[in-house]
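Here's the letter readout for the chains.
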Amino acid sequence: MRIFGSRRAQAAVIAVAAGSLALTACGGNDGGSKGQPKTQTQQDAKKLSQPVSFGNAQQSTGPAPAVAGAHSGGTMQVYQQADFSHLDPGQTYVSDGKVLDRLLQRGLTQYSQDASGKLTVVGDLATDSGKQSDGGKTWTYTLKDGIKDQNGNAITSATIRHSIERLYASFETDGPTYIQQWLSGDGTTYRKALPGGGYDGKHLPDSVLATPDAKTIVFHFKQAEPDLPQALTMPGYSAVPIKGDTKQKYDQMPLSTGPYKIADYKPGKSMTLVKNAQWDPKTDSVRHQYVNGFNIQTNVQSEDQTKSILADRGTDKNAMQWTGAVATTQVPNVTGDKAAMARTIQGYQPYVWQMNFNMDRIKDKRIRDAITYAMPSAQVAKLDGGSFGGEVANSLLAPTLPGFDAKYDPFGKLKKPNGDLAKAKQLIKEAHAEGKKIVYAYANTQIRQQQSVVITNMLKQIGLNPVTKEIDNATWYEQMGKLKNGMDIYMTGWGQDWPSASTVIPPTYDGSNLQDGSSDYSHVNDPKVNAAIAKAEKITDPAQAQAAWTAITKDIMERINPAAPVYYTKTFQIFGSNVGGLRYSNDSNEVDVTRVFLKK
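Residues numbered from 1 in each chain as written. Predicted model: local features only at pLDDT ≥ 70, side-chain atom pairs only at ≥ 80, totals over all residues. Heavy atoms only, no water.

Caption draft 1: Local environment of the pairing of strand β8 (residues 216–220). Counting buried residues in β8 gives 4 out of 5 residues, a clear majority hidden from the surface. As judged from the 5 bridges shared by strand β6 (residues 138–142) and β8, these two strands associate in the antiparallel manner. Among the inter-strand pairings, Thr140 is bridged to a residue of β8, identified as Val218. Where strand β7 (residues 209–213) meets β8, 3 bridges bridge the pair, whose relative direction is antiparallel. Bridging from a neighbouring strand, Ala210 pairs with Val218 of β8. Adjacent in sequence and paired antiparallel, β7 and β8 are bridged by 2 residues. (Buried < 20%, exposed > 50% of the residue type's maximum accessible area, 1.4 Å probe, protein only. Helix = DSSP H or I, 4+ residues; strand = E, 2+ residues; numbered from the N terminus. Pairing = 2+ DSSP bridges.)

Right, dumping it as structure tokens:
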């Protein structure tokens with residue numbers, strides 16, 4: 001899943017981090033002064049690498065357990081740094097979209113988190129997390145009774161079939177592709193199975209996707225797909241009602257199946273959510289509907305978010321951050337105030353910010369290596385929250401993944417976190433690249449602008465000629481996802497969709513996925529890597545699979561180097577004093593919006 005905003009995944013949408021991480025302001029240890037607030041560490045990250053449990057019908061039955069002290073009523077104020085890039089769930093694969101979709105949309109399965117932080121996949125629209133047969137090649141789901149969309153139309157098996165089939169349409173370019181590929185072919189070949197996306201009256205054959213009755217959906221895969229219940233939790237596979245699906249226009253005003261619906265949306269300015277009267281809490285084991293609605297104000301920079309919520313006056317007592325975080329400049333003001341710290345949460349996220357090299361334009365590996373060696377990672381991370389916002393990355397795999405090697409450091413970032421300029425200059429000289437123009441793109445947020453100064457200065461110091469391009473943050477991934485984006489280097493963030501490198505390496509480095517909108521931002525299309533990925537995806541033994549993914553990652557980093565790892569991310573969020581039910585979500589890797597309420 002991609003991380004959105006200055007620090008936030010599509011996500012990711014969607015990055016799924018499993019394990020136990022019930023957080024307060026006291027979690028972790030950043031090695032700071034005695035008595036000072038502590039941050040999350042890589043030991044906390046390890047807790048996110050554990051596999052999740054699959055729930056039964058009893059665990060999938062609503063209503064969700066009550067939140068201690070919860071009250072109903074009132075309107076929550078939300079501050080967001082940028083507008084949502086997509087509202088169509090099929091296009092949602094970034095972290096802010098995932099948070100929004102937890103309130104608006106429902107799919108066949110969803111994550112339930114207990115008091116210890118442990119995640120369990122439960123049935124959402126379905127009665128359980130799924131029943132497998134034929135050695136895991138066949139999965140059957142039965143829909144719950146009484147589920148409707150916001151217009152009162154029943155959600156049936158035909159709705160679910162439509163929701164899957166529409167993802168084959170050519171305009172659905174930015175969402176996940178796991179299930180489509182599992183059903184109909186690797187890379188982009190799956191589209192050939194249903195080029196019309198079902199809108200022309202054609203459907204996938206029953207031997208692939210069957211709906212024997214109004215409440216039953218059967219997935220038939222060519223090989224065992226044990227991760228299907230986790231994949232189905234992603235916003236991209238949420239239910240889209242047949243009646244009301246406006247194709248491309250659905251991205252502007254989707255229908256709701258969750259506890260809230262969109263009442264008003266002013267792109268680039270604001271969004272208002274109100275209660276969805278058709279949502280029945282008896283059918284939902286994971287969501288609540290405590291507040292009357294959410295007023296979401298977009299284009300509010302992290303500095304302004306933090307100052308307003310920290311001041312805690314008027315409506316800001318009811319304010320919260322969704323994917324925003326405490327501004328770097330305000331961290332001392334928050335950590336030095338015990339009352340303010342009492343209304344914060346922290347979490348170690350699964351994302352890696354990396355500087356992508358456009359392989360179509362920077363073809364000399366010595367230039368890519370030079371920039372990687374010289375990258376001032378510590379300075380760049382410091383501008384995004386310091387130790388509370390992240391730490392220097394030594395790998396393209398995050399500490400939240402099984403088998404993470406903290407000592408693996410091919411570019412010497414652990415010894416020289418602010419870069420090795422001498423080595424970089426020598427590589428540029430060997431490549432005869434002195435004075436070479438490098439088009440460097442960055443998003444138009446306060447943090448990215450500050451980071452661009454540091455990175456631009458580094459590029460000049462090693463002998464390159466940087467030309468900067470500032471890009472609208474709201475459409476960052478759409479623009480960087482174009483194969484002909486006209487840029488040389490640009491930062492993207494990616495995190496696991498569930499605890500496996502199979503949700504990191506194939507989406508971002510498998511050349512068979514290359515198309516506009518794919519997550520292969522460096523445009524890697526290496527035959528050896530493609531073949532190794534295809535082989536690794538067929539390994540069913542977890543330990544063997546983990547070893548294969550580690551080997552592939554090392555080959556990508558050392559032989560190709562398509563992206564320089566910059567920093568791993570953490571979150572540090574602050575909320576108004578009247579906001580209750582605060583908990584870090586090990587699913588969304590932000591605050592758990594499904595349980596918040598106003599205290600009075």
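This is not the end of the story, as more comes after the structure.
Caption draft 2: Fine view of unusual backbone geometry. The residue after Gly62, namely Pro63, is reached through a cis peptide bond having omega 0°. With respect to the element layout, Pro63 can be found in the loop between β1 (53–54) and β2 (75–79). Its identity is not glycine, yet Lys247 carries a phi of approximately 60°, on the positive side. Along the chain, Lys247 turns up in the loop between α5 (228–231) and β9 (260–266). Although it is not a glycine, Asn589 adopts a positive phi angle of roughly 65°. Among the structural elements, Asn589 can be located in the loop between β19 (579–580) and β20 (597–598).

Caption draft 3: Representation of the sheet that holds β2 in the model. Taken together, the 5 strands give an open sheet; going across it, the order is β9-β10-β11-β2-β12, and neighbouring strands pair in mixed fashion. At either margin of the open sheet sits one strand with a lone partner, and together these are β9 and β12 (319–321). Averaged over all pairs of adjacent strands, the angle between strand axes in this sheet comes to 25°, irrespective of strand direction. Across 5 bridges, strand β10 (residues 270–275) lies against strand β11 (residues 293–297) in antiparallel orientation. By the bridge assignment, Ser270 is partnered in β11 with Gln297. Along the sheet, helix α6 (residues 302–311) contacts β2 and β12; its crossing angle with β12, the most-contacted strand, is approximately 140°. (Axes fitted to C-alpha atoms, helices over the stretch in contact; angles between N-to-C directions. Contact = heavy atoms within 4.5 Å.)

Caption draft 4: Representation of the pattern of salt bridges. All told, the structure shown has 22 salt bridges when counted by the stated rule. Among the ionic pairs, Arg102 bridges to Asp587, the shortest N-O distance being 3.0 Å. Taken together, the positions of Arg102 in helix α2 (residues 95–104) and Asp587 in the loop between β19 and β20 put the pair 485 residues apart, joining distant regions of the chain. Comparing Arg102 with Asp587, the two get one shared label, buried. The salt bridge involving Asp264 is made with Lys266; its shortest N-O contact spans 2.8 Å. Under the relative-accessibility criterion, Asp264 is labelled partly exposed at 29%. With relative accessibility at 41%, the residue Lys266 sits in the partly exposed group. (Salt bridge = Lys/Arg side-chain N within 4 Å of Asp/Glu carboxyl O.)

Caption draft 5: Main features of the side chain of Asn318. With respect to the secondary-structure elements, Asn318 resides in the loop between α6 and β12. Relative accessible area serves as the criterion here: at 19%, Asn318 is assigned to the buried category. Other than its neighbours up to four places away in sequence, Asn318 contacts Thr75, Met76, Gln77, Asn578, Val579 and Leu598.

Caption draft 6: The arrangement of the packing of aromatic side chains in detail. One pass over the structure, following the stated rule, counts 17 aromatic pairs. Taking 6.0 Å as the distance between ring centres and 45° as the angle between the ring planes, the aromatic pair formed by Tyr178 and Trp182 counts as tilted. Taken together, the positions of Tyr178 and Trp182, both in helix α4 (residues 178–184) and 4 residues apart, correspond to about one turn of that helix. An angle of 45° between the planes, with centres 5.7 Å apart, marks the rings of Tyr477 and Tyr521 as tilted. With Tyr477 in helix α13 (residues 476–480) and Tyr521 in the loop between α14 (505–509) and α15 (527–536), this residue pair connects regions lying 44 residues apart in the sequence. When sorted by exposure, Tyr477 lands in the same class as Tyr521, which is buried. Feature note: the residues Tyr141, Tyr178, Trp182, Phe219, Phe221 and Trp498 constitute an aromatic cluster, connected by ring pairs. Here Lys423 stacks its cationic end above the ring of Tyr373, 5.1 Å away from the centre of that ring. (Phe/Tyr/Trp six-rings, centres within 6.5 Å; stacked < 30°, edge-to-face > 60°. Lys NZ or Arg CZ within 6 Å of the ring centre and 35° of its normal.)

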